[in-house]
Amino acid sequence: MSDLSRSSASTGASPLFLREDEVRRGIELLYFGYTRLTNAIDKELVKQGLGRAHHRALYFIARQPDLTVGELLRLLAITKQSLGRVLKELHERDLVVTKTGSVDRRQKLLRLTDKGKALEAELFTQLRSRLSAAYVSAGQESVSGFWRVLEGLIPEADRQMVFDLRNDKG
């Protein structure tokens, strides 16, 4: 077992950062960081009878009102059947509404209801609090480096889709 009395602060990456130990450390930090970040909202989701898949759908619909079902499928990279179950529950709970596209009547455009907006905003506030504290602790240069690493994990074919979520589109 590891010595838990060691400093909790990370040391800098080794010049040999591609060694197995260094890569494993990154995987572990990513796993535990993500788990602890999402734990911040799990209690509220459980209280609502929802899960993380519901949260992801709410998050992206909030980011892009009138998102099509097809676009949401691509963002979430899940099956149509899985998304169908999630959207059905969100509709039943009056968190999401669907309207027909004005140009293409076959399109289903997704939008949060006022109730959905309030829930998504509450969940975002909790996530923002945790992530902001970590950003402050790490500093601007580290945040930029972290973003570059995460962007590097996204396949080239999907990067534009992710970048298009940014408000500044820059």
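Let me begin by describing the structure that accompanies this report. Note that the structure is predicted; figures quoted are calculated from it, not measured. (Residues numbered from 1 in each chain as written. Predicted model: local features only at pLDDT ≥ 70, side-chain atom pairs only at ≥ 80, totals over all residues. Heavy atoms only, no water.)

Let's talk about unusual backbone geometry
Stage number 1. Within the chain, Ala77 stands out as a residue other than glycine whose phi angle is a positive 55°.
Stage number 2. Relative to the helices and strands, Ala77 resides in the loop between helix H3 (69–76) and helix H4 (80–92).
Stage number 3. Residue Ala77 is classed as exposed on the basis of its relative accessible area of 67%.
Stage number 4. Residues other than glycine seldom take positive phi values, yet Asp94 does so here, at roughly 60°.
Stage number 5. By the secondary structure assignment, Asp94 is in the loop between H4 and strand E2 (96–100). (Helix = DSSP H or I, 4+ residues; strand = E, 2+ residues; numbered from the N terminus. Buried < 20%, exposed > 50% of the residue type's maximum accessible area, 1.4 Å probe, protein only.)

Remarks on the pattern of salt bridges
Stage number 1. Under the counting rule described, the total for this entry stands at nine salt bridges.
Stage number 2. Note that Arg52 and Asp42 form a salt bridge whose closest N and O atoms lie 2.6 Å from each other. In this pair, Arg52 is assigned in helix H2 (residues 52–63) and Asp42 in helix H1 (residues 20–48), connecting sequence segments 10 residues apart.
Stage number 3. Arg52 sits in the partly exposed class, given a relative accessible area of 28%.
Stage number 4. It is possible to trace a salt-bridge network through shared partners that takes in Asp66, Lys99 and Arg111. (Salt bridge = Lys/Arg side-chain N within 4 Å of Asp/Glu carboxyl O.)

Examining the sheet that holds E2
Stage number 1. With antiparallel pairing, three strands are arranged side by side in an open sheet as E1-E3-E2. Of all the strands in the sheet, the pair left with one neighbour each is strand E1 (67–68) and E2.
Stage number 2. Packed onto the sheet, H4 meets E2 and strand E3 (108–112) and runs at close to 105° relative to E2. (Pairing = 2+ DSSP bridges. Contact = heavy atoms within 4.5 Å. Axes fitted to C-alpha atoms, helices over the stretch in contact; angles between N-to-C directions.)

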